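Overview (structure and organization)
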Amino acid sequence: MAADLAIVGARVRTLDPKRPFARAVAIRGGTIVAVGDDVRAACDARTEVLDARGAALIPGLVDSHIHPFWGAEVARGVDLRGCASPAEALERLRAAEPQRGWLFAWGLDYDVAPTAAAIGEACGGAAVFVRLADLHTALASPRALQLAHVTGKETFADTSAVVVDAAGVPTGELRESAGDLVLRAGPKLRWPQLRARHAEVLRELNALGLTGGHMMDGDLGTLEMLRELEGSGELTMRLRHPFWITPETSDEQIEHLLTLKDVRGRLWRGGVVKFFADGVIDAGTAWLEAPDTHGESITPFWPDPERMAAVMTRFAEAGFQLATHTIGDAAARFTLGAYLRAGAAPGVRHRLEHLEAIPDDLVHSIPRAGVIASMQPVHVNAIRPDGTGVWNERLGPERAARAFRMRDLLDAGALLTLGSDWPVADADPRRGLAAAQLRDVVPSQALTASEALAGYTTAPALVAGDEWTGRIREGLRADLTGLAVDPVDAPAAELPDNPVWLTVVAGRVVHQGPATR
Ligand SMILES: [Zn+2]
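Here the residue numbering is sequential within each chain, running from 1 through the sequence in written order. This being a predicted model, a pLDDT of at least 70 is required before a residue's local features are given, and a value of 80 or more before pairs of side-chain atoms are given or counted; all residues contribute to the totals for chains, interfaces and linings. Hydrogens and waters are ignored; side-chain quantities use all the structure's heavy atoms.

Structural notes on the pairing of strand β19 (residues 351-354)
Looking down a regular strand, the side chains alternate between one sheet face and the other. Two strands are said to pair when DSSP picks up at least two bridges between them. Helical segments are the DSSP runs of H or I of at least four residues, strand segments are the runs of E of at least two, and each set is numbered from the N terminus. As defined by bridge partners, strand β18 (residues 321-326) adjoins β19 across four bridges and the pair is classed as parallel. Paired with His325 across the bridge in β19 is Glu353. In this fold, β18 hands off to helix α10 (residues 329-342), which returns the chain to β19; that crossover is right-handed. Bridge analysis of β19 against strand β20 (residues 372-375) gives three bridges, and the strand direction is parallel. Of the residues in β20, the one forming a bridge with Leu352 is Ala373. We call a crossover right-handed when, viewed with both strands directed away from the observer, the connection leading from the first strand over the helix to the second proceeds clockwise. Following the chain from β19 across helix α11 (residues 360-368) to the adjacent parallel β20, one finds a crossover that is right-handed.

The following block contains the structure:
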């Protein structure tokens, strides 16, 4: 049987040490069947042939930390990314039209956040819900608080909080899942809209050259969404689906989720559980070994971290991979210890997410434990290189100098996998590849072009225990990304403008565009 698709005339970078470069690739039934300078022997008259005209073809880019479904829901309303001042944020909100009395916004930077009261005033008293860029904090206008009946402090099983002033009145700042109190009172997207929005997001990600992603949130609802999208042919990315376990997940739910380790479809599979060991530095909710300059960021997300460790052990023993949000050094240290106690099934390596400022000993003990470092280069761009801004100010100069130690972790032998954390940061892998190489913040931690590319290709495959993706070789899955210029040869600063001319997932063309700017 002949190939159904062939890509010829390409500069193919295979990442296969046995044949690093080629000019053509032939695909049949989702699998690569020929790689070489000439693949005509694998083709016949029915083979669809795409001529790359000298453009590059690389293994499909995979985002190792992404929230495609959650992002589809939260990235709605007014886009406040890139606002330079509180006044500009208020200006953008003022220009928007509330719907059914509600206005949603997202992407606001902590450094330029107006007060919730000012937001309410700017929007003529509408119910406004603004998510800050990292999604760990929200600002709710007085009307939104009123509709949600939030009138004072609330108690949560974790570090979520309704922030109140000296008189006990909510300021509108809602930390972590406290935002849900207000969201529950607002209008929700219905299933058909939600589903259409999800399919749209996947296509947008394909257009950026992404063929796969390791999702970092998930529940029984997202599982259902994956099944539906796959059934209708709208699942256009290869995804790993985790169950998100919180302090509120009941023993009964845990029992049920433990039985679902092997859930999978054609393009997606489970087998992962996601935990949060802490919050974020900017909101004072990270878990640091010493308090930040405000005396905050000293509490774990789980009030009883030993319970988190015990739940981790149950999932690890059932064969799951563990992934944990660990921004602070105390969070990383505790979780690493919990992983060592939990053990891992054969072939499974647990992962630590973010690792924003870790000390030397952890840089070495993470690879020694065989644990994966999962980091997001675009997050580095959110930190100001001049030492100002909330992140630097809260950590102080000594700890800020340990920002995102990608180079040190690689040199210490860690498996470093890269992603975006979209919608918290820009999903564009070309920006991620560039940000990993061009660092104003602790420039000594920069990666080479090849190391950065490995973080989006071969590393995610290893992390997923998937020997069928990450390279271009006969017998592997046909997940491919076509860029105008080979990202290893292109100057890093030009990567964001490097056109994505082709995205192929399991042999199917999911995006095609011009190879010129
Ligand atoms: Zn995340």
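Once the structure has been displayed, the description carries forward.
Description of the sheet that holds strand β12 (residues 137-140)
In spatial order, the strands read β9-β10-β11-β12-β14-β13; together these six strands make up an open sheet with mixed pairing. Only two strands of the sheet have a single partner each, and these edge strands are β9 (78-79) and β13 (161-164). Across five bridges, the pairing between strand β10 (residues 102-108) and strand β11 (residues 127-132) is parallel. Looking at β11, one finds that Leu103 is bridged to Val128.

Examining the coordination of the zinc ion
Coordination sphere of the zinc ion, protein contribution only: His65 (NE2), His67 (NE2) and Asp421 (OD), at 2.2 Å. Ordering the donors of the zinc ion by residue number gives the pattern H-x1-H-x353-D. Of the two residues, His67 is situated in the loop between β8 (61-66) and α1 (68-74) and Asp421 in the loop between β21 (416-418) and α15 (429-437); the sequence distance between them amounts to 354 residues. Coordinating donors are taken to be N, O and S atoms lying within 2.8 Å of the metal, or within 3.2 Å when the metal is Na, K or Ca; because water is excluded from the atom set, some sites may appear incomplete.

Overview of the pairing of strand β24 (residues 508-512)
Of the strand pairs in this sheet, strand β23 (residues 500-505) and β24 are connected by four bridges, and their pairing is antiparallel. If you follow Thr503 over to β24, its bridge partner there is His511. Counting the residues between successive antiparallel strands, the hairpin from β23 to β24 contains two residues, one of them, Ala506, with a positive phi of roughly 50°.

Describing the pattern of salt bridges
We count a salt bridge whenever a side-chain nitrogen from Lys or Arg sits within 4 Å of a carboxyl oxygen from Asp or Glu. On inspection of all chains with the given rule, the structure shows 32 salt bridges. In this structure, Arg195 engages Glu228 in a salt bridge whose closest nitrogen and oxygen atoms are separated by 2.4 Å. Of this pair, Arg195 sits in helix α6 (residues 191-207) while Glu228 sits in helix α7 (residues 220-231); the two residues are 33 residues apart in sequence, bridging distant segments of the chain. Type-normalised accessible area, obtained with a 1.4 Å probe on protein chains alone, sets the label of each residue: buried when under 20%, exposed when over 50%, and partly exposed for intermediate values. Classification of Arg195 by relative accessible area gives partly exposed; the value is 21%. Beyond isolated ion pairs, a larger network of salt bridges with shared partners links Glu173, Arg175, Asp292, Glu296 and Arg394.

Quick look at the packing of aromatic side chains
Where two aromatic rings form a pair, the distance of their centres and the angle of their planes describe that pair. Each pair of aromatic rings taken from Phe, Tyr and Trp, with Trp reduced to its six-membered ring, is defined by centres within 6.5 Å and is described as stacked if the planes are under 30 degrees apart, edge-to-face if over 60, and tilted in the remaining cases. Under the definition given, this model contains eight aromatic pairs. Aromatic pair Phe315 and Phe320: ring centres 5.1 Å apart, planes at 90°, arrangement edge-to-face. With respect to burial, Phe315 and Phe320 carry one shared label: buried. Three or more aromatic residues joined by ring pairs make a cluster, and in this case those are Trp102, Phe104 and Phe129. Charges are assigned to positions over rings by a cutoff of 6 Å between ring centre and Lys NZ or Arg CZ, combined with an angular limit of 35 degrees from the ring normal. Positioned above the aromatic ring of Phe334, the side-chain terminus of Arg341 is 5.9 Å from the ring centre.

A short note on the sheet that holds β23
Reading across from one edge, β3-β2-β7-β22-β23-β24 is the order of the six strands in this open sheet, with mixed pairing throughout. Edge positions in the sheet fall to β3 (21-22) and β24, since each of these pairs with one other strand and no more. Taken strand by strand, α6 contacts β23 and β24, and its axis lies near 125° from that of β23. Whether two residues are in contact is decided by their heavy atoms, any of which lying within 4.5 Å being enough. What counts as an axis is a line fitted to C-alpha atoms, over the stretch in contact for a helix, and the angles between N-to-C directions run from 0 to 180 degrees.

Quick notes on helix α9 (residues 305-317)
Since the α-helix turns once every 3.6 residues, residues separated by three or four places project in the same direction. How far a helix is expected to stretch is found by multiplying one less than its residue total by 1.5 Å. If you check α9, its first and last C-alpha atoms are 18 Å apart, about what 13 residues at 1.5 Å a residue would give, namely 18 Å. Residues of α9 that are buried include every one of Pro305, Met308, Ala309, Val311, Met312, Phe315 and Ala316, and no others. Projected down its long axis, α9 carries its buried residues within an arc of 165°, all on one side. The inward-facing, buried residues of α9 abut α8 (251-258), β17 (268-276), β18 and α10. Throughout, the arc means the angular range of directions from the helix axis out to the C-beta atoms.

A look at the environment of Met375
Within the fold, Met375 resides in strand β20. Met375 gets classed as buried once you look at its relative accessible area, which sits at 0%. As a C-alpha pair, Met375 and Glu234 span 141 residues in sequence and 29 Å in three-dimensional space. When sequence neighbours within four positions are dropped, the list of residues in contact with Met375 reads His354, Leu355, Phe404, Arg405, Met406, Leu409, Leu416, Thr417, Leu418 and Gly419.

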